[in-house]
Amino acid sequence: MCSKQQLLFLLFLFPLSMWAQNWNISATVVDTSATPLSGTTIMLLQAQDSVLHTFGLSNADGSFNMKPIPPGNYLIQLSYLGYHKYVKALELGSEGGEMALGTIEMLPEGIVLEEVTIKGEVAPILIKGDTVEYNANAFGTQANDAVEDLLRKLPGIQVERDGSIRAHGKKVEKVLVEGKEFFGDDPKIATKNLPADAVDRVQVFDKKSEMAEFTGIDDGQEQKTINLALKEDKKKGVFGNITGGYGTEGRYSGKVNLNRFSSKLQFSALGMYNNINQQGFSVDEFMDFMGGIQGLMAMSGGGGGGSMRISLDPGQMGLPISNGLGTGFTDTGAGGMNFSYDFSKNTRLNMSYFYNGIENTSTRERIRQSIIPGSSYTSTENSDQVSRNDNHRINLSFRHKIDSSQQLIFRGSGRLMDSKSVFNSLNETRTIEQIIENSNARSNEVLRDLIGGNGRLSYRKRFRKAGRNISASLFASANDQIQMARLNSISQFLPGDPTKFFADSLDQQQDQSNQQLNYEATFSYIEPFGKGRYAGVHYTHSNYGTEVDRDVIDLLPEERRNLQLSNHYRRDYLYDRAGLSLRINRKKWQASSRLDLQQASLNGELISFSDTIRREFKSFLPSLYFSYDIGSAAQSIDLRYETSLRPPNIQQLQPIIDNTDPINVYQGNPDLLAEYRHSANLQFNFYNQFSFTSLFAFVSASMVQNQISQARTIDSLFRQVVMPINVDQGYDVTGNISFGTPLRFIKSRINLESRVIYSRTTLFINDIANDLDRTTETIEISLENRKKDKIDIAIGADLSFSQTRYSVSTNLNQNYLNQRYFLDISFQPNDKWSMKTGFDYAVYAGDAFQKQESIPLWQASLSRFILKNQRGEIKLSAFDLLNQNVGFSRTSEYNYLQEDRVLSLARYFLLSFTYNLSAIGGARPGGFQFIAR
């Protein structure tokens, strides 16, 4: 049965533009010998201002059909390499209907044309095979705009508020600069930091895997990719920008971005220093930092699914991920360099280096309502946390083409990190009658150092017989981590009853070393048999080794080693996998299958207890893949089925108690089995190049045998012990549909997305087995104007409704709703001024929580461009104008509901100046103008 949200979404799927009487424009393109010209670029432009209305390319037989086209005056332009452009004016009346242009003959460039003159033309879009190429000069940007501002103006490309990019209906996973990697695989680093006026052309295509590019055998692995081709004058000097700002409340911010490119060299340097919660280069870097204090997060009970934290996106902030209004108060110093050099046409080196220095201070208030069979209790916690992290990372990529048939690739990375975290908290647990059952005061300090690295060397060779090839690779990684923690805790139980009251204290030093050494060797051989058919043999040998030495010292009443909590543990997960594969490639479809036999062994040694853990896993791992192109690669159906085996990790296997939080302890389980997962994914992708309409839908499902779940034991004093256990099986299903299309009658674009996530697992609460069903339904809608020369407006909302259901303990059932509404406006009246504002309104509601919470966040900025070619920008920014920002999250997890409120950076004003090193030469060319004779 459809929910109201889903029904609303389905109603919106009917384009409102269908209410008008539209036109269909059709023709066939040929050369002077009547040979069809497949792949001719067709553009339809508005006659009054030459604004691009739609574009596409002709089919294999030279035909094309544009629809639906609303009434109006247009210019249709056809272009094909080596031929004169064809331009014709079209007047489409209000009655609608068919306009058949018949056969259009393209004339070779050697023929002189007199009937049409094209003045000041800059062709905005060219389609070259599978690549759509945008001419950046045809889309106006301001002097200090970043590449993502340029992308927002390109038809067929959407830039989300978090900086993620969709091109032609698919998520962009890689952004290259001059065909080379730029600071690794994070697309946002290039789009948020490179200046827009350095870009000559934006090329969008589906990048095949490295193996497919080398062998010429399409393996179905593709990434939507953007390549930024730079202007020639930007390859002759340094370009970029420098920004410095100071504001109220002692807030400051500084950033630098310098780039140098040539035919062989690519060098970029980025840096930042601020105390406005701009926290680094990428989400991955920040998550590395958070992983560094994983133990400390466990102390405070953090994490869990279903949480939602609101932070304002002030836009145009460049490098960081949190954009100024994240949780707590953060000071950041960060820098990075990217270096790429072509020693020859066969040899290329790419290196990048990051440094992140982050210090975060937060004050948190937490309320957790836990439910056990027949009762419930509430825990409140007030905590302060100070964290400091220094993280160095270097990445290296080396490619060498030995000869025309052999290739050698090395990829590696190294990492050095140290962190310090101090955590203090006060916690109380009350019964449903508000009687205090226990209280706990903690003061913990954690120091952590980590050094590690990894590398993979790959060799590939093609043979004379087309399609025959071999590949081999060696991988190794090593990490050495040392953690020292000082834990202080005082717990009181039944303080309201003097006859039963007792207390417990903890003063411990916990030192732990964690060493990992992993290696893997792979080999594959592919043999063609018949046209487009290939068989393969594959083998992998791998070992993942971990050794943990945990030493716990009780400091009171006297210093002594705690033998129950100390442990020296070694684990090796070794597997051999061998298999056969079959692939068939046809023009319209591809299919492949693979069957592997994996023999794995898990060997653990509890050195401190003179005990061993032995597990053997023998499994068949089949996989299937099928893809079918419906008309073109932009319209396809993909089906994928895979199986995998996942062993338990070292923390889950250790039979040692983690007493970091004495009220909530964790104990490993050495009897755990590996999970066996079946995963299936069905995906449909549709993109109409003439109407700019996209429809992307997928459904994925997985079934896990021997799923690792949790057993929670809660005693009468509400002390909790959590242990991982295996359950028979678990399920999860995800369905998603996203739709976008222009609403031409209001010159806007609408984007809609609906998503449903369902999961089922079994967990135990006080030995009672409950089937836990979770469902989350989300609907998102946004509307934005298409013509962005002067004004850019985006408005939207997303609603997320979550349900949790228990098969036995129905009193644990939970419902809650999260809502978010936003409005972003950017106004550029001329090349001297720019104004931006954004408003977010978050609402948290539902019967699972006591009250509804709402958080309004408003930001704005005013910019004045000065100096020659607008090289300088003076900007006044206002953040959280309503002074309402707070780090807020709600979580529904297992048997509890949790609400967090964190004191965070609120209202301040910042005055900044940016100097643009890339504004070289005269004014940028504008659009294009057609004059018919």
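Residues numbered from 1 in each chain as written. Predicted model: local features only at pLDDT ≥ 70, side-chain atom pairs only at ≥ 80, totals over all residues. Heavy atoms only, no water.

### Description of the overall build of the protein chain
Okay, step 1: Looking only at helices and strands, the protein chain has seven helices and 48 strands in total.
Okay, step 2: Scored against the burial criterion, the 933 residues of the protein chain give a buried share of 51%.
Okay, step 3: Look at the contacts in the protein chain between residues 6 or more apart in sequence, and 66% of them connect residues 24 or more apart.
Okay, step 4: Per element, the accessible surface of the protein chain, about 41800 Å² overall, is 56% carbon and sulfur. (Helix = DSSP H or I, 4+ residues; strand = E, 2+ residues; numbered from the N terminus. Buried < 20%, exposed > 50% of the residue type's maximum accessible area, 1.4 Å probe, protein only. Contact = heavy atoms within 4.5 Å. Areas by Shrake-Rupley, 256 points an atom, 1.4 Å probe, with all protein chains shown as cover.)

### A closer look at the sheet that holds strand β5 (residues 72–79)
Pairing between sheet strands relies on hydrogen bonds along the backbone, with the strands arranged either parallel or antiparallel.
Okay, step 1: Judged by pairing direction, the sheet is antiparallel, and its four strands sit side by side in the order β3-β2-β5-β6 without closing on themselves. Pairing within the sheet leaves two strands with one partner each, and these edge strands are β3 (52–57) and β6 (86–92). Ignoring which end each strand starts from, the neighbouring axes of this sheet average 20° apart.
Okay, step 2: As judged from the seven bridges shared by β5 and β6, these two strands associate in the antiparallel manner. Opposite Leu75, over in β6, you have Ala89 as the bridge partner. (Pairing = 2+ DSSP bridges. Axes fitted to C-alpha atoms, helices over the stretch in contact; angles between N-to-C directions.)

### Concerning the confidence of the model for the protein chain
Okay, step 1: Taken residue by residue, the protein chain gives an average pLDDT of 83. The fraction at 70 or more is 88%.
Okay, step 2: The low-confidence segment residues 6–20, where pLDDT is below 50, has 22 contacts with residues more than four positions distant or belonging to other chains.
Okay, step 3: Every residue in residues 919–933 is under pLDDT 50, and counting partners more than four places away or in other chains gives 42 contacts. (pLDDT = per-residue confidence, 0-100.)

### Thoughts on unusual backbone geometry
Okay, step 1: That bond from Lys67 to Pro68 is cis: its omega, -15°, falls within 30 degrees of zero.
Okay, step 2: Tracing the backbone shows Pro68 in strand β4 (residues 63–69).
Okay, step 3: Pro557 follows Leu556 through a cis peptide bond whose omega is 0°.
Okay, step 4: Residue placement: Pro557 occurs in the loop between β27 (533–554) and β28 (560–561).
Okay, step 5: The phi dihedral of Asn706 falls on the positive side, at around 55°, and the residue is not glycine.
Okay, step 6: Within the secondary structure, Asn706 is located in strand β36 (residues 693–714).

### Digging into the side chain of Lys231
Okay, step 1: Note on placement: Lys231 falls in the loop between β16 (222–230) and β17 (238–247).
Okay, step 2: Within the local environment of Lys231, its side chain forms a polar contact with the backbone oxygen of Asp197, the two atoms lying 3.0 Å apart. (Polar contact = N/O pair within 3.5 Å; in protein donor to acceptor, adjacent residues only side chain to side chain.)

### Points about the pairing of strand β22 (residues 375–403)
Okay, step 1: Bridge count for strand β21 (residues 347–372) against β22 is 26 bridges, and the pairing is antiparallel. Bridged to Thr347 within β22 is His400.
Okay, step 2: Count of turn residues in the β21/β22 antiparallel hairpin: two residues, of which Gly374 carries a positive phi of about 85°.
Okay, step 3: Pairing analysis gives 26 bridges linking β22 to strand β23 (residues 406–431), with the strands arranged antiparallel. Looking across to β23, one finds that Asp384 is bridged to Asn424.

### Brief notes about the nonpolar core
Okay, step 1: Ranked by size, the top nonpolar core spans 44 residues in total, and within it Phe55, Tyr134, Leu151, Val202, Ile226 and Leu228 carry the most contacts.
Okay, step 2: Core analysis: the second largest hydrophobic core is formed by 21 residues, Trp23, Ile25, Leu44 and Leu92 among them. (Core = buried A, V, L, I, M, F, W, Y, C linked by side-chain atoms within 4.5 Å.)

### Here's the deal with the sheet that holds strand β1 (residues 23–30)
Okay, step 1: Ordered in space as β4-β1-β7, the three strands form an open sheet in which the pairing is mixed. Each edge of the sheet is formed by a strand with only one pairing partner; in this case those strands are β4 and β7 (97–105). Across the sheet, the mean angle separating the axes of adjacent strands is 15° when strand polarity is ignored.
Okay, step 2: Strand direction decides the pairing type here: β1 and β7, joined by seven bridges, are parallel. Counterpart to Ser26 in the pairing with β7 is Ala100.

### Overview of the pattern of salt bridges
Okay, step 1: In total, this model carries 43 salt bridges according to the counting rule given.
Okay, step 2: With a closest N to O distance of 3.1 Å, Arg201 and Asp200 form a salt bridge.
Okay, step 3: Between Asp342 and Arg348 there is a salt bridge; the shortest N-O distance is 3.1 Å.
Okay, step 4: Given the relative accessible area of 30%, Arg348 is considered partly exposed.
Okay, step 5: It is possible to trace a salt-bridge network through shared partners that takes in Arg364, Arg366, Glu381, Arg442, Asp661 and Asp900. (Salt bridge = Lys/Arg side-chain N within 4 Å of Asp/Glu carboxyl O.)

### Description of the side chain of Ser636
Okay, step 1: For Ser636, the location among the structural elements is in strand β32 (residues 632–646).
Okay, step 2: Apart from the residues within four sequence positions on either side, Ser636 is in contact with Tyr628, Asp629, Ile630, Gln683, Phe684 and Asn685.

### A few points about the environment of Leu270
Okay, step 1: Of note, Leu270 is situated in strand β19 (residues 265–274).
Okay, step 2: For the pair Leu270 and Ala334, spaced 64 residues apart in the sequence, the C-alpha separation amounts to 8.2 Å.

### A word on the pairing of β1
Okay, step 1: Burial runs high along β1: six of the eight residues are buried.
Okay, step 2: In the sheet, β1 pairs with β4 via five bridges, with the strands oriented antiparallel. In the sheet register, Ser26 faces β4, and the bridge partner there is Asn65.

### A short note on the packing of aromatic side chains
Okay, step 1: Evaluated as defined, the whole model comprises 12 aromatic pairs.
Okay, step 2: Taken together, the ring pairs in this structure connect Phe339, Tyr341 and Phe343 into an aromatic cluster.
Okay, step 3: Seen from the ring of Phe463, Lys461 lies directly overhead, with NZ or CZ sitting 5.5 Å from the centre.
Okay, step 4: Geometry around Phe214 places Arg462 over its ring, the cationic atom sitting 4.4 Å from the centre. (Phe/Tyr/Trp six-rings, centres within 6.5 Å; stacked < 30°, edge-to-face > 60°. Lys NZ or Arg CZ within 6 Å of the ring centre and 35° of its normal.)

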